[in-house]
Amino acid sequence: MEDTQLCLKEALEAYAWNGRVEDVRRYGAGHINDTFAVAARGMDGRVTRYILQQINKNIFKKPEEVMENIVGVTLFLKDKIMRNGGDPERETLTALLTTDGKPYFRDAKQEYWRVFPFIEDTVCLQQVENKAQFFESARSFGKFMRLLGSYPAETLHETIPHFHDTPSRYDNLMKALEKDAFGRAASVEKELEFIRARKEDCAHLTRLKAEGKLPVRVTHNDTKLNNILLDVVTQEGICIIDLDTIMPGLAAYDFGDSIRFGAATAAEDEPDTSLMHFDAKLYQTYLDGYLQEAGSVLTEEEIASLPWGAKLMTLECGMRFLTDYLEGDHYFKISHPDQNLDRTRTQLKLVYEMEQYFSKN
Ligand code: ADP
Ligand code: GN1
Ligand code: MG
């Protein structure tokens, strides 16, 4: 803890801030980075807030490349937003520069930090409260992909190789199972049986992609509801955040990951799976919103691939949570011992109910 505080102090000294730093506190419910809200009081007495994040280097092995992607994409989006008469300070992130002009700070322990302005007067939801919010988030993610349609995808770094390569996620799970380093395999037989029965399904999207039947686009790849900020008053989608995994990908990945998290009746880590259901009405709501913004650029094959995205992103996430559980919880942040197992179970329940729904609709 003392170590973190020392590094935090070092990172705080690397930025000019707009005044004197008055408050620094842990912030948000992300599973990956260490996020802090920083409040600084200026000479005029006004308080400005910022988001300070330590990039998770166990996961993002090349933080400079993550930041190069983010700077490139956000500058591109700023230009588009200005041309469309929007507010570039509010509608996309801005990586602030350190006092020596870099979009990140590397501390003495070789950890990487970055700062974004805090987008005020917004809400970040952990669960959908009403249809309108989900519709808005769908429009925003659809628009995000459409706006990045002319971004030079070949300049993007692959920040996490094979991120949505579902068959390789399956293989990783099997490797973790074989090792069973924490002696947990015996307690997850039922879950493994469910996953094994869907081994062939895992390759559906990657196969279509390899055959050139689905176009590769610039995608966000982590489109859960808490990676978008909505206007606190109008509930309009304002800003897409968490841009670490922007990489070339499929529309079905972005669509699917939003469905996985949002078209669900309980939290991702709900221990009582009887409370978790796939919400088909919310699915339709998201589909309508997404197509309203992205429908004009999606091919027929892509539209047909969206339900597969929902199922496979959910199955894949379930496999990732289970792999982490078997490997001793080193990837996703946890706050209680079986949280990754709880997360696995909710995802598998959703997969099951999606299958029932998609087989009839
Ligand atoms: P992680 O990769 O750990 O999920 P995120 O970048 O998603 O990290 O940030 C974690 C949380 O911090 C978000 O869910 C959101 O609540 C909050 N957050 C991040 N960036 C901003 C911002 N610029 N303005 C306001 N809140 C933010
Ligand atoms: C992580 O960073 P965060 O909390 O928005 C993860 C996603 C998972 C998600 C599950 C880089 O997202 O891939 O779908 O948890 N991000 C990374 O909630 O692995
Ligand atoms: Mg996040």
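Residues numbered from 1 in each chain as written. Chains lettered and ligands numbered in written order. Predicted model: local features only at pLDDT ≥ 70, side-chain atom pairs only at ≥ 80, totals over all residues. Heavy atoms only, no water.

(A) Quick look at the sheet that holds strand β6 (residues 122-123). What the three strands build is an open sheet, ordered β6-β8-β9; its pairing is antiparallel. Looking at which strands have only one partner, the edges of the open sheet turn out to be β6 and β9 (237-240). Note that strand β8 (residues 228-231) and β9 share three bridges and pair antiparallel. Looking across to β9, one finds that L230 is bridged to G237. (Pairing = 2+ DSSP bridges. Helix = DSSP H or I, 4+ residues; strand = E, 2+ residues; numbered from the N terminus.)

(B) Focus on the nonpolar core. Ranked by size, the top nonpolar core spans 69 residues in total, and within it F255, I259, F278, Y283, Y286 and Y290 carry the most contacts. In this view, F255 contacts Y283, Y286, L287, Y290 and L306; residues no more than four positions away in its chain are not counted. Listed in part, the 27 residues of the second largest apolar core include V188, Y253, M313 and L326. (Core = buried A, V, L, I, M, F, W, Y, C linked by side-chain atoms within 4.5 Å. Buried < 20%, exposed > 50% of the residue type's maximum accessible area, 1.4 Å probe, protein only. Contact = heavy atoms within 4.5 Å.)

(C) Examining the site of ligand 2 more closely. Every one of the 19 residues lining ligand 2 counts as a neighbour, but H31, K224, E268, R320 and Y331 are closest to it. In the environment of ligand 2, an oxygen atom lies 2.9 Å from a nitrogen or oxygen atom belonging to the side chain of N227. Here an oxygen atom of ligand 2 and a side-chain polar atom of R320 are 2.8 Å apart. Calculation on ligand 2 without its partners gives an accessible area of 440 Å², and the protein chains cover 97% of this total. Elements represented by at least two residues in the shell around ligand 2 include exactly α8 (251-262) and α10 (300-326). Counted by class, the shell around ligand 2 contains eight nonpolar, four polar and seven charged residues. There are two domains that each give the shell around ligand 2 at least three residues, and those are domain 1 (2-120) and domain 2 (131-360). (Near = heavy atom within 4 Å. Polar contact = N/O pair within 3.5 Å; in protein donor to acceptor, adjacent residues only side chain to side chain. Areas by Shrake-Rupley, 256 points an atom, 1.4 Å probe, with all protein chains shown as cover. Nonpolar A, V, L, I, M, F, W, Y, C, P; charged D, E, K, R; others polar. Domains from an automatic or database assignment.)

(D) The arrangement of the coordination of the magnesium ion (ligand 3) in detail. In this structure, N227 (OD1) and D242 (OD) serve as the protein donors to the magnesium ion (ligand 3), at separations of 2.2 Å. Linking N227 in the loop between β7 (217-219) and β8 with D242 in the loop between β9 and β10 (247-249), this pair joins segments that are 15 residues apart in sequence. Residue classification places N227 among the buried positions, given a relative accessible area of 4%. (Donors = N, O, S within 2.8 Å, 3.2 Å for Na, K, Ca; no water.)

(E) View of the site of ligand 1. Close to ligand 1 lie 19 residues; N33, Q53, I119, N226 and D242 are nearest. Contact between ligand 1 and I32: an oxygen atom at 3.2 Å from a main-chain N or O atom of the residue. The contact in question runs from an oxygen atom of ligand 1 to an N or O atom on the side chain of D242, over 3.0 Å. Protein coverage of the free-state accessible area of ligand 1, which is 550 Å², stands at 96%. Taken together, the residues of the shell around ligand 1 break down into 10 nonpolar, eight polar and one charged. When residues of the shell around ligand 1 are assigned to domains, at least three map to each of domain 1 (2-120) and domain 2 (131-360).

(F) Region of the structure containing the domain arrangement of the protein. As far as domains go, the protein holds domain 1 (2-120) and domain 2 (131-360). Domain 1 puts 26 residues into the contact, and the matching count from domain 2 is 28 residues. Buried area between domain 1 and domain 2, both sides added, is near 2,500 Å², and the carbon and sulfur share of it is 62%. The largest per-residue losses of area from domain 1 upon contact with domain 2 belong to H31, N69 and V73, which jointly make up 27% of the total buried on that side. Counting every contact that joins domain 1 to domain 2 gives three salt bridges. The partner of R90 in a salt bridge is D231, with the nearest N and O atoms 2.7 Å apart. At the level of secondary structure, the elements contributing two or more residues to the side of domain 1 that touches domain 2 comprise α2 (63-83) and α3 (88-91). By residue number, the principal contributor to the side of domain 1 that touches domain 2 is α2, which donates 11 residues. (Buried area = accessible area lost by both parts, 1.4 Å probe. Salt bridge = Lys/Arg side-chain N within 4 Å of Asp/Glu carboxyl O.)

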